[in-house]
Amino acid sequence: GFVPGLFGTSHGALQFMAYEDLKERYNNYRNRLSDTKLNTVEYIMMAAVSKIFAVAATYPYQVVRARLQDQHNTYSGVFDVIHRTWR
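The structure displayed is predicted, hence computed values, not measured ones.

Engineer: Account for the pattern of salt bridges, with residues named and values stated.
Structural biologist: All told, the structure shown has four salt bridges when counted by the stated rule. Here Glu20 and Lys23 are joined by a salt bridge, their closest N and O atoms 3.6 Å apart. Highlighted residues: Glu20 and Lys23, both in helix H2 (residues 10-29), separated by three residues, approximately one helical turn. Accessibility expressed as a relative area gives 18% for Lys23, which makes it buried.

Right, here's the structure in full:
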């Protein structure tokens, strides 16, 4: 589970990337400069949507990682975990 654990760092990177992209697109949609400050509700919405995106993108990996770290089951590798989980 160590190597898949390293993959987990992508969650924060994906969330930050989505957050910045959403802010820029929203400001462009509102015909404002891309670095215009948002109000509180807009910030909360951008944070929530970017978090949902990051979770949806990385949650399947977290299932595989947790199963690889499970001491009660024996798997032959990542593809075995994916195959058995899908089944």
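Engineer: Describe a nonpolar patch on the surface, listing the residues and the values that go with them.
Structural biologist: A contiguous nonpolar surface patch, about 270 Å² in accessible area, is contributed by Val41, Met45 and Val49. By the element assignment, Met45 lies in helix H3 (residues 40-69).

Reading the values: rules and limits
- Residues numbered from 1 in each chain as written.
- Predicted model: local features only at pLDDT ≥ 70, side-chain atom pairs only at ≥ 80, totals over all residues.
- Heavy atoms only, no water.
- Salt bridge = Lys/Arg side-chain N within 4 Å of Asp/Glu carboxyl O.
- Helix = DSSP H or I, 4+ residues; strand = E, 2+ residues; numbered from the N terminus.
- Buried < 20%, exposed > 50% of the residue type's maximum accessible area, 1.4 Å probe, protein only.
- Patch = residues over 30% accessible without salt bridge, like charges linked within 9 Å, V, L, I, M, F, W, Y side chains within 5 Å.
- Areas by Shrake-Rupley, 256 points an atom, 1.4 Å probe, with all protein chains shown as cover.

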